[in-house]
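Geometric and topological summary
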Amino acid sequence: QVQLVESGGGLVQPGGSLRLSCAASGFTFGAYWMNWIRQAPGKQRELVANIISGGITNYGDSVKGRFTIFRDNAKNTVYLQMNNLKPEDTAVYYCNFIRRHFGGSATDYWGQGTQVTVSS
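Quick summary incoming for the structure in this document. Please read all numbers here as calculations on a predicted model, not as lab measurements.

Considering the overall build of the protein
When you go through the protein residue by residue, the secondary structure sums to zero helices and eleven strands. When the helices and strands of the protein are listed from N to C terminus, the series reads β-β-β-β-β-β-β-β-β-β-β. Computed over its C-alpha atoms, the radius of gyration of the protein comes to 14 Å, within 12% of the 14 Å expected for a compact globule of 120 residues. Over its C-alpha atoms, taken along the principal directions, the protein stretches across nearly 50 × 30 × 25 Å. Relative to its full complement of 120 residues, the protein shows a buried share of 41%. Look at the contacts in the protein between residues 6 or more apart in sequence, and 53% of them connect residues 24 or more apart. Within the structure as shown, the protein displays about 6400 Å² of accessible surface, and the carbon and sulfur contribution to it stands at 48%. For the protein, the separation between the mean place of its 11 positive charges and that of its 7 negative charges on side chains is 3 Å.

Structure below.
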């Protein structure tokens, strides 16, 4: 059974830092791109960052230079280090991956999300 469990969210002042973790189980973690996606109230989901085992990463424009995604395949965990946080980073952050099936279909897996609030 696939499980994605996020942790590390909370309330932080502007300019502060947080590290999110996503502990994964029930699938071959190292074989997949892992995504951090966020959703702010009233807004669409936004890809924050993703990473594949070879170390290739991608970042959303709004977080480049401030956030770093990394993974530990031995621990089946993906992390998101968030520095210089801004109020506009306030959102629920989700861990996600997509399993593509033979024939073209796909299954989207999500964690329960962790709330990040940036406020003074």
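Looking at the sheet that holds strand β7 (residues 67-72)
With respect to topology, four strands assemble into an open sheet ordered β1-β3-β8-β7, the strand pairing being antiparallel. Each edge of the sheet is formed by a strand with only one pairing partner; in this case those strands are β1 (3-7) and β7. Here the strands of the sheet are splayed against their neighbours by 15° on average, with no regard to which way each runs.

Considering the pattern of salt bridges
On inspection of all chains with the given rule, the structure shows four salt bridges. Notably, a salt bridge pairs Asp89 with Arg38, separated by 2.9 Å at the nearest N-O pair. Pair noted here: Asp89 is in the loop between β8 (77-82) and β9 (91-100) and Arg38 is in strand β4 (residues 34-39), with a separation of 51 residues, a long-range link. For the pair formed by Asp89 and Arg38, the shared burial category is buried. Between Arg66 and Asp89 there is a salt bridge, with the nearest N and O atoms lying 2.7 Å from each other. Of the two residues, Arg66 sits in the loop between β6 (57-59) and β7 while Asp89 sits in the loop between β8 and β9, which places them 23 residues apart along the sequence. By relative accessible area, which is 0% here, Asp89 ends up buried.

Comments concerning unusual backbone geometry
In terms of backbone geometry, most residues other than glycine have negative phi values and most peptide bonds are trans. In this structure, Asn76 is a non-glycine residue whose phi angle is positive, near 50°. Secondary-structure assignment places Asn76 in the loop between β7 and β8.

Conventions adopted
Residues numbered from 1 in each chain as written. Predicted model: local features only at pLDDT ≥ 70, side-chain atom pairs only at ≥ 80, totals over all residues. Heavy atoms only, no water. Helix = DSSP H or I, 4+ residues; strand = E, 2+ residues; numbered from the N terminus. Rg over C-alpha atoms; globule rule 2.2 N^0.38 Å. Buried < 20%, exposed > 50% of the residue type's maximum accessible area, 1.4 Å probe, protein only. Contact = heavy atoms within 4.5 Å. Areas by Shrake-Rupley, 256 points an atom, 1.4 Å probe, with all protein chains shown as cover. Lys, Arg positive; Asp, Glu negative; His and termini not counted. Charge placed at Lys NZ, Arg CZ, Asp CG, Glu CD. Pairing = 2+ DSSP bridges. Axes fitted to C-alpha atoms, helices over the stretch in contact; angles between N-to-C directions. Salt bridge = Lys/Arg side-chain N within 4 Å of Asp/Glu carboxyl O.

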